[in-house]
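What follows is the residue order along each chain.
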Amino acid sequence: MITIVPVYPQLLSIYADRGNVIVLEQRARWREIDVAVHPIAVGDDLDAANADIILIGGGQDRDQALVADELRRQTPALRSAIADGAALLAVCGGFQLLGHRYRGHQGDEMIGTGLVDLETEAGDGRLIGNVLVEATVNGMRHDLVGFENHAGRTTLGSNVAPLGRVIAGGGNNGLDGLEGCLDGRVVGTYIHGPLLPKNPWLADQLLAWALDRHGVTTSLEPLDDRLAHLAAARAADLARR
Ligand code: GLN
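Everything numeric in this text was worked out from a predicted model, so none of it was measured.

Quick notes on the rules
- The residue numbers shown here count from 1 along each chain, following its written sequence.
- Since the coordinates come from a predicted model, pLDDT governs what is reported: local features require at least 70, and pairs of side-chain atoms require 80 or more to be given and counted, while whole-chain, interface and lining totals use all residues.
- The side-chain values count all of the structure's non-hydrogen atoms but skip hydrogen atoms and water molecules.
- In this text, helices come from DSSP runs of H or I with a minimum length of four residues, and strands from runs of E with a minimum of two, each type numbered from the N-terminal end.
- Accessible area is worked out with a 1.4 Å probe on protein chains only. A residue is then buried under 20% of its type maximum, exposed over 50%, and partly exposed in between.
- Two residues form a contact once any of their heavy atoms are found within 4.5 Å.
- Reported accessibility uses the Shrake-Rupley method at a 1.4 Å probe radius. Residues are deemed covered only where the shown protein chains occlude them.
- A pair of strands is considered paired only if DSSP assigns at least 2 bridges between the two.
- Lines fitted to C-alpha atoms define the axes here, with helix axes fitted over just the stretch in contact, and angles between the N-to-C directions of these axes take values from 0 to 180 degrees.
- Note on ring pairs: Phe, Tyr and Trp rings are taken, using the six-membered ring of Trp, and paired if centres are within 6.5 Å. Classes follow the plane angle, with under 30 degrees stacked, over 60 edge-to-face and the rest tilted.
- The cutoff for a nearby residue is simple: one of its non-hydrogen atoms must lie within 4 Å of the molecule or strand.
- Polar contact criterion, stated in full: a pair of N or O atoms within 3.5 Å, where within protein one must be able to donate a hydrogen and the other to accept it, and residues adjacent in sequence count only if both atoms are side-chain atoms.
- All residues other than Ala, Val, Leu, Ile, Met, Phe, Trp, Tyr, Cys, Pro, Asp, Glu, Lys and Arg, Gly among them, are scored as polar; the first ten of these are nonpolar and the last four charged.

Trainee: Would you mind going over the overall build of the protein with me for this structure?
Mentor: Within the protein one finds seven helices and 12 strands. With respect to the principal axes defined by its C-alpha atoms, the protein has extents near 50 × 45 × 30 Å. Looking at the protein as a whole, 56% of its 241 residues are labelled buried. Taking all contacts inside the protein whose residues are at least 6 apart in sequence as the whole, residues at least 24 apart take part in 71%. Accessible surface computed for the protein: about 10,700 Å², of which carbon and sulfur atoms make up 50%.

Trainee: So what exactly am I meant to see when it comes to the sheet that holds strand 3 (residues 53-56) here?
Mentor: By definition, the strands of a sheet pair up through backbone hydrogen bonds, in either a parallel or an antiparallel sense. Spatially, the six strands line up as an open sheet ordered 2-1-3-4-12-11, and their pairing is mixed. Unpaired on one side and paired on the other, strand 2 (35-37) and strand 11 (181-183) mark the two borders of the sheet. Pairs of neighbouring strands in the sheet enclose a mean axial angle of 10°, with direction left out of account. Of the pairings in the sheet, the one linking strand 1 (residues 2-7) to strand 3 comprises four bridges and is parallel in character. Its bridge partner lying in strand 3, Val5 is registered against Ile54. Its contacts with the sheet put helix 1 (residues 18-30) on strand 1, strand 2, strand 3 and strand 4 (87-91), and the angle it makes with strand 2 is roughly 160°.

Trainee: What is the right way to read the environment of Ala233 from this model?
Mentor: Within the element layout of this structure, Ala233 appears in helix 7 (residues 226-240). Between the C-alpha atoms of Ala233 and Gln106, which are 127 residues apart in sequence, the distance is 39 Å.

Trainee: Where do I start with the packing of aromatic side chains in this structure?
Mentor: Given two aromatic rings, their pairing is described by the distance between the two centres and the angle made by the two planes. Within this structure, the stated rule accounts for two aromatic pairs. Ring geometry for Tyr15 versus Phe147: centroids 6.1 Å apart, planes at 70°, classification edge-to-face. One end of the pair, Tyr15, is in the loop between strand 1 and helix 1; the other, Phe147, is in strand 8 (residues 140-156), with 132 residues separating them in the sequence. Ring geometry for Phe95 and Tyr190: centres 5.1 Å apart, planes at 80°, overall edge-to-face. A residue pair is termed long-range when its members are at least 10 positions apart, and Phe95 in helix 4 (residues 93-98) and Tyr190 in the loop between strand 12 (186-189) and helix 5 (195-198) qualify at 95 residues.

Trainee: Help me out: how do you make sense of the site of the ligand in this one?
Mentor: Looking at the ligand, there are 17 residues lining it, with Asp61, Gln64, Cys92, Gln96 and Gly152 nearest. Between the ligand and Ala151, the relevant distance is 3.0 Å, taken from an oxygen atom to a main-chain nitrogen or oxygen of the residue. Look at the ligand: alone it shows 290 Å² of surface, and the protein chains cover 99% of it. For the shell around the ligand, the elements supplying multiple residues, two or more each, are helix 2 (61-73), helix 4 and strand 8. Looking at which element gives the most residues to the shell around the ligand, the answer is strand 8, with four residues. Taken together, the residues of the shell around the ligand break down into five nonpolar, 10 polar and two charged.

Just geometry here; none of it tells us what the structure is for.
Pasting the structure below:
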């Protein structure tokens, strides 16, 4: 049984981040993999042993500020789940909270979980639009497409790998050509869209990690992803314009 845990979806789930949950659940079902979705709300404790894919979505600064302390309280459980082989996908506001801090426009500061060595500061203007990234995961290159909308500019620590390199769009900060972070099975990205419907390879990577945690290493049965590939091609096209 694979357990998907959306973290604070009432507050962290904008630009269709919920689609990521639906895609993971459905791609597991299509393959007759036993799957459950157990969201956690503010006040709940994350059960590290029963969290195979942890999802943290995006949010406005206001919503992020509401959950930052709570999320930090879950850090030991998050660490223990990750150390035990769980996968974590964090998008935009969630990605920012993986790091040490997020400094907003007014100099207001949110302390993040520090799970990944990165930090974020709000910049002038927002990075908004379609994004095309060349991602490398497990030594394999993939196109990653979607939509970004953020004021935060994220800088990765020197030992943290990006999820990919920006071909079109802003990415982490609009300057260094990097997008997201990848640290073991911890994936951070600015890409909404939602992310996984247009990038089924990444959904399957998360599912494969979750299955591996349960000792299942056989490769996932391929699905008919023609529509997803058409949507991705269209998004890539828009990003290139
Ligand atoms: N509040 C953050 C920013 O604007 C995150 C926004 C988001 O999650 N889309 O940088």
